[in-house]
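# Coordinate inspection notes
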Amino acid sequence: MFSDAQLNGLYRYGISLTNDETLAYDLLQDAIECYLKMDPARRPVDGAGFYLRRVMRNRYIDQLRKEKRYPHESLEDGGDSLVSMAMPDPGELVIDRQMIESILARLDPLERELLHLWAYEEMTAREIATQLDSPRGTILSRIHRLKKKIARFDLGGDGIREGAGT
């Protein structure tokens with residue numbers, strides 16, 4: 001029903017949400033179970049991946065809410081200044097695995113999800129907005145703030161420290 005490539009992509013999406021392999025596997029299993037329990041006539045054929053990512057995201061947010069750890073985004077952080085949204089080609093970036101793990105550990109779940117969809121899945125801001133049911137401008141602002149946050153990390157030396165370049 002699902003190819004190995006599809007399942008691996010969904011699993012990586014789960015890891016981007018949870019930053020935990022076991023929780024990612026559980027989210028994927030829950031989403032597939034939910035999909036299989038649907039009436040076959042109502043199953044999205046072309047958008048199965050979209051549907052499964054939506055289920056995984058909603059289940060994860062529900063878990064965070066239950067634990068009262070759901071991160072809130074302040075509307076005051078955005079500012080009104082115009083920002084260049086020129087984005088580098090993710091395929092041209094070469095970062096070692098330890099550095100990536102260190103960066104991901106410093107990000108909250110919503111930032112990890114956004115980074116995964118934008119950099120790994122190479123979705124456009126419009127596609128991400130559709131996936132997350134958010135306005136495109138909000139997604140662009142979140143990408144900009146994420147890029148600024150990562151730029152503040154000191155990526156040299158033997159670890160990551162916040163505050164570089166500030």
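Cut-offs used in this document
Residues numbered from 1 in each chain as written. Predicted model: local features only at pLDDT ≥ 70, side-chain atom pairs only at ≥ 80, totals over all residues. Heavy atoms only, no water. Salt bridge = Lys/Arg side-chain N within 4 Å of Asp/Glu carboxyl O. Helix = DSSP H or I, 4+ residues; strand = E, 2+ residues; numbered from the N terminus. Buried < 20%, exposed > 50% of the residue type's maximum accessible area, 1.4 Å probe, protein only. Phe/Tyr/Trp six-rings, centres within 6.5 Å; stacked < 30°, edge-to-face > 60°. Core = buried A, V, L, I, M, F, W, Y, C linked by side-chain atoms within 4.5 Å. Contact = heavy atoms within 4.5 Å. Expected span 1.5 Å × (residues − 1). Polar contact = N/O pair within 3.5 Å; in protein donor to acceptor, adjacent residues only side chain to side chain.

Moving on: the pattern of salt bridges. Pairing is possible between side chains that carry opposite charge, provided their charged atoms lie close to one another. One pass over the structure, following the stated rule, counts three salt bridges. Among the ionic pairs, Lys-37 bridges to Glu-33, the shortest N-O distance being 3.0 Å. Separated by four residues within a single helix, Lys-37 and Glu-33 lie in helix α2 (residues 21–37), roughly one turn from each other. With relative accessibility at 37%, the residue Glu-33 sits in the partly exposed group. With its nearest N and O atoms 2.9 Å apart, the salt bridge here joins Lys-149 to Glu-111. Residue Lys-149 is found in helix α7 (residues 136–152), and its partner Glu-111 is found in helix α5 (residues 109–120); the two are separated by 38 residues along the sequence. Assessed through its relative accessible area of 16%, Lys-149 is described here as buried.

So, about the packing of aromatic side chains. By convention here, two paired aromatic rings are described through the distance between centres and the angle between planes. Applying the stated rule across the entire model yields two aromatic pairs. For the pair Tyr-35 and Tyr-51, a centre-to-centre distance of 6.0 Å together with 50 degrees between the ring planes defines the contact as tilted. Residue Tyr-35 is found in helix α2, and its partner Tyr-51 is found in helix α3 (residues 48–66); the two are separated by 16 residues along the sequence. Residue Tyr-35 is classed as buried on the basis of its relative accessible area of 7%. An aromatic cluster of at least three residues, connected via ring pairs, comprises Phe-2, Tyr-35 and Tyr-51.

Attention now moves to the nonpolar core. With 35 residues, the main nonpolar core has Leu-52, Leu-107, Ile-128 and Ile-139 as its most contacted residues. Mapped by element, the contributors of at least two residues to this core are α1 (4–18), α2, α3, α4 (97–106), α5, α6 (125–132) and α7. When residues of this core are assigned to their parent elements, the largest contribution, seven residues, is made by α3. Not counting residues within four places of it along the chain, the set of residues in contact with Ile-128 comprises Leu-114, Leu-117, Trp-118, Met-123 and Ile-139.

So, about α5. The end-to-end C-alpha distance of α5, which contains twelve residues, comes to 15 Å, matching closely the 16 Å that a straight helix rising 1.5 Å per residue would cover. For α5, the tally of buried residues reaches ten of twelve residues, placing the bulk of the element in the interior. Within α5, the full set of buried residues consists of Pro-109, Leu-110, Glu-111, Arg-112, Glu-113, Leu-114, Leu-115, His-116, Leu-117 and Trp-118. Just past α5, the residue Glu-122 takes up positive phi, approximately 55 degrees.

Once that is clear, we can look at the side chain of Glu-111. A relative accessible area of 18% means that Glu-111 is categorised as buried. There is a polar contact of 2.9 Å between the side chain of Glu-111 and the side chain of Lys-149. If we skip the residues at most four places from it in the chain, Glu-111 touches Leu-146 and Lys-149.

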